[in-house]
Amino acid sequence: NYNKLPKMFMVNWFRKVGGKILWPGFSENLRVIKWCFDRCDKSDNDEQGALTTPIGYIPDYKDPKAFDTSNLFGGNFKHFDEYGLEKIFNVDSKEF
């Protein structure tokens, strides 16, 4: 039964641009894990809080209700900004 198949998620915590890891750090991983758990509670065709890509759904990172970006920019993460967030969630089908 298709509805009983497990949901699968892939995360690349170590995506780099110019030799620098984009994700701000281990302590921020819970943001992604929370989104994954929230997706498990949705039906397969429920796109709320997600963007459709060639590899499946990714967090709608521009919607703060869908993906928590509070306190992510500035402060301890001066090297991280909205551009970095866009690069993290960019899906280039040639990479897969």
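Criteria and cut-off values
Residues numbered from 1 in each chain as written. Predicted model: local features only at pLDDT ≥ 70, side-chain atom pairs only at ≥ 80, totals over all residues. Heavy atoms only, no water. Phe/Tyr/Trp six-rings, centres within 6.5 Å; stacked < 30°, edge-to-face > 60°. Helix = DSSP H or I, 4+ residues; strand = E, 2+ residues; numbered from the N terminus. Salt bridge = Lys/Arg side-chain N within 4 Å of Asp/Glu carboxyl O. Buried < 20%, exposed > 50% of the residue type's maximum accessible area, 1.4 Å probe, protein only.

Overview of the packing of aromatic side chains
Within this structure, the stated rule accounts for 6 aromatic pairs. Ring centres of Trp13 and Trp23 lie 6.0 Å apart, and the angle between their planes is 50°; this geometry places the pair in the tilted category. You can see Trp13 sitting in the segment before β1 (16-17) and its partner Trp23 sitting in the loop between β2 (20-21) and α1 (29-40), a full 10 residues away along the chain. A ring pair is formed by Trp23 and Phe80, whose centres lie 6.3 Å apart and whose planes are at 75°; its orientation type is edge-to-face. Within this pair, whereas Trp23 is found in the loop between β2 and α1, its partner Phe80 is found in the loop between β4 (56-59) and α2 (82-89), the two being separated by 57 residues in sequence.

A closer look at the pattern of salt bridges
The tally for this structure, following the rule as stated, stands at 3 salt bridges. Ionic pairing is found between Asp68 and Arg31, a salt bridge with its closest N-O pair at 3.7 Å. Taken together, the positions of Asp68 in the loop between β4 and α2 and Arg31 in helix α1 put the pair 37 residues apart, joining distant regions of the chain. Note that Lys34 is salt-bridged to Asp38, the shortest N-O span being 2.8 Å. Of this pair, Lys34 and Asp38 both sit in helix α1, 4 residues apart, roughly one helical turn. Judged by relative accessible area, Lys34 falls into the partly exposed class, the value being 48%. The class for Asp38 is partly exposed, based on a relative accessible area of 32%.

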